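# Understanding the architecture of this molecule
Each chain, letter by letter, is given below.
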Amino acid sequence: MNYEYVDSEIEWTEKSPSHWKKDKLFRLTQNISSGGTPTSTNPEFYNGDIFWVQTGDLNDGYLTDTSKKITKYGLDNSSAKIFPKGTLLVAMYGATIGKLGIMTFDGATNQACCAMNYRKVVDSKYMFYMFLSMKEHLINKSYGGGQPNISQEVIKQEYLYYPPIDEQKQIANYLDRACEKIDNTIKIKEQQIQEINRYKQSRFFEVLMRGLKQEESQSTDVLWMPKIPISWKIKRIKDISHLKSGDGITSLQINDFDTYPVYGGNGLRGYTSSYTHEGDFVLIGRQGALCGNINYANGVFWASEHAVVCRPIKTYDVYWFGEMLRLMNLNQYSNAAAQPGLAVEKVKNLKLPFPPYNEQVEITKVLKNISTTTDNLIQKLKSQIKTLKDYRKSLIFECVTGKKQIYKGEI
């Protein structure tokens with residue numbers, strides 16, 4: 001049977017097969033509700049054997065485990081309730097809004113998850129793919145500012161077109177197999193990216209620690225670099241570079257249109273009307289979970305108080321110095337606190353291998369060549385992954401809206 005199409009009366013698709021039915025979601029479900037959270041201050045409520053789904057557990061796929069489990073006591077003393085295997089979950093608010101999951105177990109959820117069980121006229125896997133296609137549509141209907149929220153009422157009142165149950169299962173099975181192939185290909189390409197990054201790190205380490213010449217080595221008293229080329233020296237960071245934080249700047253002073261770039265602890269933040277530095281410098285992140293990360297700034301710019309500016313005392317190649325600091329993993333010297341900060345005084349006294357300046361320049365050339373080659377490969381793989389993800393999204397949409405007709409035995 002070839003589909004015939006009629007004009008759709010729902011917002012997110014223009015046409016629908018003429019033999020598909022239309023109804024509001026709440027009439028297709030046995031139950032739409034949310035769960036609850038046992039009081040976190042009572043340890044007897046947690047570490048039990050009941051699966052308890054939080055929105056962070058949702059993975060736009062099948063759920064086989066949860067990050068936390070609760071006890072029967074915790075279940076009975078909260079608004080949490082048990083939902084059966086096959087329940088479809090949607091994250092209703094927060095950073096994961098719109099995320100989906102199908103439970104492969106009987107379990108409970110927190111209050112941020114909307115749980116749906118369906119009547120026999122619809123297949124839960126088909127509805128999972130339907131909701132994947134509706135995700136952006138639903139998010140656009142959310143309300144609230146910093147914490148957007150999709151209401152259950154909005155979900156209940158959504159109109160859907162759906163085919164006969166056998167056709168739903170056929171579509172869902174087709175998408176299971178097609179998406180598995182796409183996801184496996186994506187996984188292979190992600191592994192290739194990891195392998196390229198490992199190769200890049202290995203080559204950087206080799207060049208930065210052994211140099212480019214075949215010369216004998218000398219022993220050092222520094223644990224992380226037991227041997228270095230004999231023509232190199234050991235220097236403390238403070239002997240070759242002055243480390244000082246940039247100047248304070250408010251978010252109101254930063255915009256997208258002014259003249260001078262503003263660099264913070266994690267790189268470019270925007271632009272402002274004045275500057276603090278001129279030249280080529282290594283910047284070290286000073287605050288936050290990523291403190292110790294390395295960035296570069298050149299020309300005329302403003303360095304904020306969250307960036308430590310490395311100003312040369314002894315002549316060195318800026319890129320060589322930055323990559324050597326990156327290799328040293330300065331984040332390990334952060335203070336343990338709710339808001340980690342780099343222990344700059346400790347960093348100043350760290351020792352590093354110091355090649356002659358001309359060799360630093362040659363090392364930089366090699367490192368940049370390695371970086372260009374590997375980064376180009378990674379960019380190509382990322383582009384391919386994006387194409388695959390876009391195709392997966394398009395394929396699901398075409399199948400659940402009837403734009404693509406699935407024939408028995410396809411794939």
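Details of the structure are given in the entry above.
An account of the accompanying structure is given in this report. (Residues numbered from 1 in each chain as written. Predicted model: local features only at pLDDT ≥ 70, side-chain atom pairs only at ≥ 80, totals over all residues. Heavy atoms only, no water.)

## Details of empty space enclosed by the protein
Scanning the model with the defined rule gives one cavity of 30 Å³ or more in all. Taken as a whole, the largest cavity spans an internal volume of roughly 40 Å³. For the largest cavity, the full set of lining residues is Ile10, Trp12, Thr13, Ser16, Trp20, Met130, Tyr161, Val400 and Thr401. (1 Å grid on protein atoms, 1.4 Å probe; cavity = no way out; pocket = protein on both sides within 12 Å on 5 of 7 lines; lining within 4 Å. Points joined across faces, edges and corners; volume = space filled by probe spheres on them.)

## So, the layout of surface pockets
Considering only enclosed or pocket space, the largest pocket measures out at about 550 Å³ in volume. Forming the boundary of the largest pocket are 18 residues, of which Leu132, Lys135, Lys389, Arg392 and Lys393 lie nearest the centre. For the lining of the largest pocket, the elements supplying multiple residues, two or more each, are helix H2 (124-140), helix H4 (165-210) and helix H8 (357-400). Ranked by residue count, the leading element in the lining of the largest pocket is H8, at seven residues. In this structure, the second largest pocket encloses a volume near 250 Å³. Considering the residues around the second largest pocket, the lining is formed by Asn197, Lys200, Gln201, Phe204, Phe205, Leu208, Tyr319, Glu323, Arg326, Leu327 and Ser371. Where the lining of the second largest pocket is concerned, the elements lending two or more residues are H4 and helix H6 (318-327). Per-element accounting of the lining of the second largest pocket gives the leading share, six residues, to H4. (Helix = DSSP H or I, 4+ residues; strand = E, 2+ residues; numbered from the N terminus.)

## Looking at the packing of H2 against H8
The interhelical angle for the contact between H2 and H8, taken along N-to-C directions, is 115 degrees, at an axis separation of 9 Å. Along this stretch, H2 crosses H8, giving a crossing that reads as left-handed. Of the residues in H8, those in contact with Tyr126, Tyr129, Met130, Leu132, Ser133 and Glu136 of H2 are Arg392, Lys393, Ile396, Phe397 and Val400. For the contact of H2 with H8, a count of residues per class yields seven nonpolar, one polar and three charged. (Axes fitted to C-alpha atoms, helices over the stretch in contact; angles between N-to-C directions. Left-handed = near helix turned anticlockwise from the far one by under 90°. Contact = heavy atoms within 4.5 Å. Nonpolar A, V, L, I, M, F, W, Y, C, P; charged D, E, K, R; others polar.)

## A word on the side chain of glutamine 168
In this fold, glutamine 168 is placed in helix H4. A distance of 2.7 Å separates a polar side-chain atom of glutamine 168 from the backbone oxygen of proline 163. (Polar contact = N/O pair within 3.5 Å; in protein donor to acceptor, adjacent residues only side chain to side chain.)

## Points about the sheet that holds strand S6 (residues 61-63)
Here we have five strands laid out as an open sheet, ordered S4-S11-S8-S9-S6, and mixed in their pairing. The open sheet terminates on both sides in strands that have one partner only, identified here as strand S4 (29-34) and S6. Neighbouring strand axes in the sheet, compared pairwise and without regard to direction, differ in orientation by 30 degrees on average. As paired strands, S4 and strand S11 (residues 113-118) are joined by five bridges and run antiparallel to one another. Note on S11: the bridge partner recorded for serine 34 is cysteine 114. H2 rests against S6, strand S8 (88-91), strand S9 (100-103) and S11 of the sheet, and its axis sits at about 170 degrees to S9. (Pairing = 2+ DSSP bridges.)

## Some details on H8
Taking 1.5 Å as the rise per residue, H8 with 44 residues should run 64 Å; its terminal C-alpha atoms sit 63 Å apart, in good agreement. The first or second residue beyond H8 is glycine 402, which carries a positive phi of 80 degrees. (Expected span 1.5 Å × (residues − 1).)

## A word on the packing of H2 against H4
Here H2 crosses H4 at 65 degrees, and the two axes come no closer than 8 Å. Here H2 and H4 pass one another in a crossing that is left-handed. Across from Lys125, Tyr126 and Tyr129 in H2, the residues of H4 making contact are Gln168, Ile171, Ala172, Asn173, Leu175, Asp176 and Cys179. Tallied by class, residues from the contact of H2 with H4 come to six nonpolar, two polar and two charged.

## Focus on the sheet that holds strand S5 (residues 46-53)
The strand order S7-S5-S10 describes an open sheet built from three strands, whose pairing is mixed. The two strands at the open ends of the sheet, each matched to only one other strand, are strand S7 (68-70) and strand S10 (107-109). Taking the axes of each pair of neighbouring strands and ignoring which way they run, one obtains an average angle of 70 degrees across the sheet. In this sheet, S10 lies alongside S5 in parallel orientation, the contact comprising three bridges. Residue pairing in the sheet places tryptophan 52 in a bridge with alanine 108 of S10.

## Observations concerning the nonpolar core
Formed by 49 residues in total, the largest nonpolar core has its most connected members in Leu25, Met116, Tyr126, Tyr129, Phe131, Ile155 and Leu175. Secondary-structure elements contributing two or more residues to this core are S8, S9, S11, H2, strand S12 (159-162), H4 and H8. With 10 residues, the top contributor of residues to this core is H4. Counting residues in hydrophobic clusters, the runner-up holds 36 residues, among them Met209, Tyr319, Leu352 and Ile363. (Core = buried A, V, L, I, M, F, W, Y, C linked by side-chain atoms within 4.5 Å. Buried < 20%, exposed > 50% of the residue type's maximum accessible area, 1.4 Å probe, protein only.)

## A look at the packing of aromatic side chains
What the rule picks out here adds up to 15 aromatic pairs. With a centroid separation of 5.1 Å and an interplanar angle of 70 degrees, the aromatic rings of phenylalanine 45 and tyrosine 73 are classed as edge-to-face. With phenylalanine 45 in the loop between S4 and S5 and tyrosine 73 in helix H1 (residues 72-76), this residue pair connects regions lying 28 residues apart in the sequence. Taken together through their ring pairs, the aromatic side chains of Tyr316, Trp320, Phe321 and Phe354 make up a single cluster. The ring centre of tyrosine 46 lies 5.6 Å from the NZ or CZ of lysine 68, which sits over that ring. A cation sits over an aromatic face here: lysine 368 above tyrosine 319, 5.1 Å from the ring centre. (Phe/Tyr/Trp six-rings, centres within 6.5 Å; stacked < 30°, edge-to-face > 60°. Lys NZ or Arg CZ within 6 Å of the ring centre and 35° of its normal.)

## Looking at H2
For H2, built from 17 residues, the straight-helix expectation of 24 Å at 1.5 Å per residue is met to within 8% by its first-to-last C-alpha distance of 24 Å. Taken as a whole, H2 carries its principal kink of about 55 degrees at methionine 134. Counting buried residues along H2, 12 of its 17 residues qualify, which places the element largely inside the surrounding structure. Near the N-terminus of H2, the side chain that reaches the backbone nitrogen of lysine 125, with its oxygen 3.2 Å away, is that of aspartate 123. (Bend = angle between axes of the 7 residues up to and from the residue.)

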